[in-house]
Amino acid sequence: LSAFIDDVLQASRVGYGPGDRAWAEVHLHALADRCVKRVRRRHKVSESAVVVDVPEGLRLLTDETALEVVLRNLLDNAVKYSGDDIYVVLHAHLDEGEVLIHVRDRGIGIPLQHMKRIFDRFYRAPVESVKTRRGTGLGLYVASQLVRNLGGTLEASSAGPGRGTTLSFALPASLPADPADRLEERP
């Protein structure tokens, strides 16, 4: 119930846009580690089931609270939609002024015909492997909107059912010199 309420609250806030964000320097490894530990506890999985692959010194200027919600949602989905052999990796690295973040799993995957809709509000793929798991259809919607407000785009890739999923996005490592550039709405 608490997770559902958090999702609803975040979904109601995403419409306010990037101007309402509290920009600060974020130590990504520490944030990722905190999120992974919380997801491990919630799902009662071992340390080896969900791992962090983020360089210790990697930092970016962003809204830490929003990024934490994104990472927790992505990690939570990755664990929830895995089979019995859970293995999820949160990987990040710096590339030409952007921090690239990927959450990979070896879970149930996403059928190609449902890929375009997974970021829609309340959408859950109408397949048995999804129906048997609890969910609201808000997690990926909230994550994609928050990533957008932070200056990125959340994308998903999957080789199909039973072949895992990777959710990826890039965020600027630093804020633009002109604050007006940061506050522009992205399509």
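Residues numbered from 1 in each chain as written. Predicted model: local features only at pLDDT ≥ 70, side-chain atom pairs only at ≥ 80, totals over all residues. Heavy atoms only, no water.

(A) How the structure looks around the pattern of salt bridges. By the definition in use, this model includes 6 salt bridges. Across the pair aspartate 76 and arginine 42 runs a salt bridge whose closest N-O atoms are separated by 3.0 Å. Placement of aspartate 76 in helix α3 (residues 64-80) and of arginine 42 in helix α2 (residues 28-43) is noted, with a sequence separation of 34 residues between them. Taking the relative accessible area as the measure of exposure, aspartate 76 reaches 10% and is therefore buried. Judged by its relative accessible area of 48%, arginine 42 falls in the partly exposed class. (Salt bridge = Lys/Arg side-chain N within 4 Å of Asp/Glu carboxyl O. Helix = DSSP H or I, 4+ residues; strand = E, 2+ residues; numbered from the N terminus. Buried < 20%, exposed > 50% of the residue type's maximum accessible area, 1.4 Å probe, protein only.)

(B) Inspection of the confidence of the model for the protein at higher detail. When pLDDT is averaged along the protein, the result is 81; 73% of the residues meet or exceed 70. Model confidence for the protein, summarised as mean pLDDT per element, is weakest for helix α6 (residues 179-183) at 45 and strongest for strand β2 (residues 50-53) at 97. (pLDDT = per-residue confidence, 0-100.)

(C) Molecular detail of unusual backbone geometry. Backbone geometry places lysine 44, a non-glycine residue, at a positive phi of 55°. By secondary structure assignment, the location of lysine 44 is in the loop between α2 and β2. Note on lysine 44: relative accessible area 75%, which makes it exposed. One non-glycine residue, glutamate 96, lies in the positive phi region at around 50°. Positionally, glutamate 96 belongs in the loop between β4 (88-95) and β5 (98-105). For glutamate 96, a relative accessible area of 77% puts it in the exposed group.

(D) Just the nonpolar core, in detail. Ranked by size, the top nonpolar core spans 44 residues in total, and within it Leu28, Leu67 and Phe169 carry the most contacts. When residues of this core are traced back to their parent elements, those giving at least two are α2, α3, β4, β5, α5 (139-149) and β7 (165-172). In this structure, leucine 67 is in contact with Leu28, Leu31, Leu60, Thr62, Ile101, Leu150, Phe169 and Leu171, ignoring residues within four places of it in sequence. (Core = buried A, V, L, I, M, F, W, Y, C linked by side-chain atoms within 4.5 Å. Contact = heavy atoms within 4.5 Å.)

(E) Main features of the environment of threonine 153. Within the secondary structure, threonine 153 sits in the loop between α5 and β6 (155-157). We classify threonine 153 as exposed; its relative accessible area is 52%. Those residues within four positions of threonine 153 in sequence are excluded, and the remaining contacts are Val147, Ser168, Phe169 and Ala170.

(F) Representation of the sheet that holds β4 within the structure. Taken in spatial order, the 5 strands of this open sheet run β2-β4-β5-β7-β6, and their pairing is mixed. Two strands close off the open sheet at either side, each with one partner strand: β2 and β6. Taken over all neighbouring pairs, the strand axes of this sheet differ in orientation by 15° on average, direction set aside. Judged from the 4 bridges that link them, β2 and β4 form a sheet pairing that is parallel. Within β4, the position partnered with valine 52 by the bridge is leucine 90. (Pairing = 2+ DSSP bridges. Axes fitted to C-alpha atoms, helices over the stretch in contact; angles between N-to-C directions.)

(G) The arrangement of α2 in detail. Between its first and last C-alpha atoms α2 spans 22 Å; for 16 residues at 1.5 Å apiece the expected length is 22 Å, and the two agree. Taken together, the buried positions of α2 are Leu28, His29, Leu31, Ala32, Cys35, Val36, Val39 and Arg40. Down the axis of α2, the buried side of the element spans an arc of 165°, and every buried residue falls inside it. Just beyond α2, the residue with positive phi is lysine 44, at close to 55°. (Expected span 1.5 Å × (residues − 1). Arc of directions from axis to C-beta.)

(H) Representation of the side chain of serine 82. On the secondary structure map, serine 82 appears in the loop between α3 and β4. Among the polar contacts listed, one links the side chain of serine 82 to the backbone oxygen of alanine 78, at a separation of 2.6 Å. (Polar contact = N/O pair within 3.5 Å; in protein donor to acceptor, adjacent residues only side chain to side chain.)

(I) Looking closely at the environment of leucine 71. Looking at the element boundaries, leucine 71 is found in helix α3. A C-alpha to C-alpha distance of 9.5 Å links leucine 71 and histidine 102, two positions 31 residues apart in sequence. When sequence neighbours within four positions are dropped, the list of residues in contact with leucine 71 reads Leu28, Leu31, Ala32, Cys35, Leu90, Ile101 and Phe169.

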